[in-house]
Amino acid sequence: SAPYVDAEERSGQTQGKITASVNPFYYTTELTFSTAEMTNKSAVLLDMSGRIIRTFENIRRNKIIINGKNLSSGVYVVSVALKGDRYLRKMIVKL
């Protein structure tokens, strides 16, 4: 399994980073992946117990939209698989 790398710790490196347009967010937020390679990416949204809430497969663009409409208020983690690493980003939903 791929090592986990905190996206905030590596944000200054060119290997990749995840930014959120709004965090904490209420209804929607856009995650943007900054990477040198245009490869198929996948992402999962996890709650703090590690349960998979949503899966995003074959992401071909450098962004995804997370809709918080059906989420409870709380802390979530987005895990993005990219070039053999997994980048993590903590997301906060406030309703």
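All figures in this text were calculated on a predicted structure; none of them were measured in a lab.

Reading guide: rules and limits
- Residues numbered from 1 in each chain as written.
- Predicted model: local features only at pLDDT ≥ 70, side-chain atom pairs only at ≥ 80, totals over all residues.
- Heavy atoms only, no water.
- Core = buried A, V, L, I, M, F, W, Y, C linked by side-chain atoms within 4.5 Å.
- Buried < 20%, exposed > 50% of the residue type's maximum accessible area, 1.4 Å probe, protein only.
- Helix = DSSP H or I, 4+ residues; strand = E, 2+ residues; numbered from the N terminus.
- Contact = heavy atoms within 4.5 Å.
- Pairing = 2+ DSSP bridges.
- Axes fitted to C-alpha atoms, helices over the stretch in contact; angles between N-to-C directions.
- pLDDT = per-residue confidence, 0-100.
- Salt bridge = Lys/Arg side-chain N within 4 Å of Asp/Glu carboxyl O.
- Polar contact = N/O pair within 3.5 Å; in protein donor to acceptor, adjacent residues only side chain to side chain.

Undergrad: Report on the nonpolar core, specifying residues and quantitative values.
TA: By size, the foremost hydrophobic cluster in this structure holds 18 residues, and its most contacted members are Leu31, Ile64, Ile66 and Val78. For this core, the element with the most residues is strand E7 (residues 74-82), which contributes four residues. Sequence-distant contacts of Leu31, that is, excluding residues within four places in its chain, are made with Ile18, Thr19, Ala20, Asn62, Lys63, Ile64, Ile66, Val78 and Met91.

Undergrad: Residue-level account of the sheet that holds strand E3 (residues 28-34), with values.
TA: Pairing in this open sheet of three strands is antiparallel, and the strands run E2-E3-E6 from one edge to the other. Each edge of the open sheet is held by one strand with a lone partner, namely strand E2 (17-20) and strand E6 (63-67). The sheet shows a mean angle of 25 degrees between the axes of neighbouring strands, direction not considered. As paired elements, E3 and E6 share five bridges and run antiparallel to each other.

Undergrad: Please provide a residue-by-residue account of the confidence of the model for the protein, values included.
TA: Overall, the predicted model of the protein reaches an average pLDDT of 78, with 77% of residues at or above 70. Looking at the elements of the protein, mean pLDDT is at its lowest for strand E1 (residues 4-6), recorded as 41, and at its highest for strand E4 (residues 41-47), recorded as 90. Note that residues 1-15 has pLDDT below 50 and, in this model, 30 contacts with residues that lie over four places away or in other chains.

Undergrad: Which residues make up unusual backbone geometry, and what are the values?
TA: For the peptide bond that leads from Asn23 to Pro24, omega is 5 degrees, which places it in the cis range. Note that Pro24 resides in the loop between E2 and E3. For Asn58, which is not glycine, the phi dihedral falls at a positive 50 degrees. For Asn58, a relative accessible area of 47% puts it in the partly exposed group.

Undergrad: I'd like to hear about the pattern of salt bridges, residue by residue, with values.
TA: Tallying each qualifying case throughout the model produces two salt bridges. The salt bridge partner of Lys63 is Glu30, with a shortest N-O separation of 3.8 Å. Taken as a pair, Lys63 in strand E6 and Glu30 in strand E3 lie far apart in primary sequence, 33 residues in all. A relative accessible area of 43% means that Lys63 is categorised as partly exposed. With a shortest N-O distance of 3.0 Å, Arg51 and Asp47 are connected by a salt bridge. By relative accessible area, which is 13% here, Asp47 ends up buried.

Undergrad: Outline the environment of Val44, supporting the account with residue identities and numerical values.
TA: As for its position among the elements, Val44 is in strand E4. Taking the C-alpha atoms as reference, Val44 lies 8.1 Å from Val77; in sequence the two are 33 residues apart.

Undergrad: Hey, could you go over the environment of Tyr76 for me, with residue numbers and the actual values?
TA: Considering the arrangement of structural elements, one finds Tyr76 in strand E7. When neighbours within four sequence positions are excluded, Tyr76 is seen to be in contact with Leu45, Leu46, Asp47, Met48, Ile53, Leu71, Arg89, Lys90, Met91 and Val93. Within the structure, the side chain of Tyr76 is placed 2.9 Å from the backbone oxygen of Ser72, a separation counted as a polar contact.

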